[in-house]
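If you want the building blocks of each chain, they are given just below.
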Amino acid sequence: MKRKMAFILIIILVFTGVGVFFIFTSSDTEVQQTFKSVPSEQEATDDNNKTGEPKQEQEKRKESENDDAKTHVKTFVEDAVQSTIDYFTNKEAHIVAIGDSLTQGVGDSSGEGGYVGILDNTINKRTHLAEFENYGKRGNRSDQLLKRLDNPQIVQSIKESDIVIITIGANDIMKVLKENFTSLSYNDFAKERDDYKNRLTKIFDKINELNPKTKIYLIGFYNPFEKYFPEIKELGIIVKDWNTIGKNVTSGYENAAFIPTIDLLADTNVDLYAEDNFHPNTLGYQRIAKRVLEYLTE
């Protein structure tokens, strides 16, 4: 049966450390669909074993695929170093990262510090080319980041910056979920999306007020649920809507650019997520770092 309108959203509240699922639909729609949660490790193993592949061989194959992927991405990141050297010739860059847990590097178990740490370690591997300052804070929403731009330390860093990189907005979406989960609809996201646009514009204006010569890069959203629930298109719609807001805001500033990431973590054949199934793991952050490098050196 064709659905008129149905929104089924499965959200893992990683900020509490507990997997909580919310399912919601419009009141005038009957959803003819069976919901399946993320399979357990045992269930996944049982399914894979239906192919006749021994568990030990399966684990070895997966580990080999992940190692190959890590090597591939690392090589690409390091190859970008020369173009970075050329870009920052005779001038040490001052790069300031602000935002939420993605800037903080939550999920990176390697100790590199997420995409910011990977950029730092990669760009400065051969010679010191850039000074990094990381003001990522787990749980930050756009309204909280806007207030933090009055922090004297952050203000001074932005005034001295050549580049400001931002990740913000995921927690704005989470706020909608937590406040409306008993009667959740797309309109709740639409309203918050408009408020997010206004706050993001104020963030850009504030940065430009502090330092009109700096370059601003906004990192876009990815869909962490696509791997487990590719059939639920409504999840992707919300992510794309909010990415469009980011693109539209950055397009209004000559010194700003939007960095898309929605394609980077969509590879279901490679393990790109941390144990919380929301934040990137080291390999996921390496992909983001590579994409950021490409934009910094264009």
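Since the structure is predicted, the reported quantities are computational estimates derived from the model, not experimental observations.

Let's shift gears to the overall build of the protein chain. Looking only at helices and strands, the protein chain features 10 helices and five strands. In the protein chain, which comprises 298 residues, the proportion classed as buried is 48%. Restricting the contact set of the protein chain to residue pairs at least 6 apart, pairs at least 24 apart contribute 74%. Here the protein chain has roughly 15200 Å² of accessible surface; of this, 47% comes from carbon and sulfur atoms.

This paragraph deals with the pattern of salt bridges. The full count for this structure, using the stated rule, is 12 salt bridges. One salt bridge connects Asp-195 with Lys-191, and the closest N-O pair in it is separated by 3.3 Å. With Asp-195 and Lys-191 both in helix H8 (residues 186-210) and four residues apart, this pair spans about one turn of that helix. A relative accessible area of 25% places Asp-195 in the partly exposed class. Salt-bridge contacts for Lys-290 lead to Glu-294; the nearest nitrogen and oxygen are separated by 2.3 Å.

For the rest of this paragraph, the subject is the nonpolar core. Ile-98, Ile-158, Ile-166, Phe-204 and Ile-207 are the most contacted members of the largest nonpolar core, which has 39 residues in total. Counting residues per element, this core draws most heavily on H8, which supplies seven residues. Apart from the residues within four sequence positions on either side, Phe-204 is in contact with Ile-166, Ile-216, Leu-218, Val-249, Thr-250, Tyr-253 and Ala-256. The next biggest cluster of nonpolar side chains, apart from the first, holds 30 residues, and it includes Phe-132, Val-270, Ile-288 and Ala-289.

Our next topic: the packing of aromatic side chains. For the structure shown, the criterion picks out five aromatic pairs. Seen in terms of ring centroids, Phe-221 and Trp-242 are 6.3 Å apart; in terms of plane orientation they differ by 85°. Their pairing is edge-to-face. Highlighted residues: Phe-221 in the loop between strand S4 (215-219) and helix H9 (233-251) and Trp-242 in helix H9, separated in sequence by 21 residues. Using a relative accessible area of 1% as the deciding quantity, one classes Trp-242 as buried. On the basis of an interplanar angle of 50° and a centroid distance of 6.0 Å, the ring pair of Tyr-222 and Tyr-273 is categorised as tilted. Placement of the pair is Tyr-222 in the loop between S4 and H9 and Tyr-273 in the loop between strand S5 (256-259) and helix H10 (282-296), with a sequence separation of 51 residues. Summarising the burial analysis for this pair, Tyr-222 and Tyr-273 share the class buried. Through a chain of ring-to-ring contacts, three or more aromatic side chains come together here, namely Tyr-196, Phe-221 and Trp-242.

How each quantity is defined
Per chain, the residues get numbers from 1 upward, laid out in the order the sequence is written. In keeping with the model being predicted, local features are shown solely for residues with a pLDDT of at least 70 and side-chain atom pairs are shown and tallied solely at 80 or more, while totals for entire chains, interfaces and linings include all residues. Only heavy atoms go into the side-chain values, all of them from the structure, while hydrogens and water stay out. Numbering of helices and strands runs from the N terminus, with a helix taken as a DSSP run of H or I at least four residues long and a strand as a DSSP run of E at least two residues long. For every residue, the accessible area (1.4 Å probe, protein chains only) is compared with the maximum for its type, and the residue is labelled buried under 20%, exposed over 50%, or partly exposed between those bounds. It only takes one pair of heavy atoms within 4.5 Å for two residues to be counted as in contact. Surface accessibility in these figures is a Shrake-Rupley result with a 1.4 Å probe; residues are shielded only by whichever protein chains are displayed. What counts as a salt bridge is simple: a side-chain nitrogen of Lys or Arg found within 4 Å of a carboxyl oxygen of Asp or Glu. For this analysis, a nonpolar core means a set of buried residues of the types Ala, Val, Leu, Ile, Met, Phe, Trp, Tyr and Cys, connected via side-chain atoms within 4.5 Å. Pairing of aromatic rings covers Phe, Tyr and Trp, the last through its six-membered ring, and needs centres within 6.5 Å; plane angles under 30 degrees mean stacked, over 60 mean edge-to-face, and all others mean tilted.

By themselves these figures say nothing about function.
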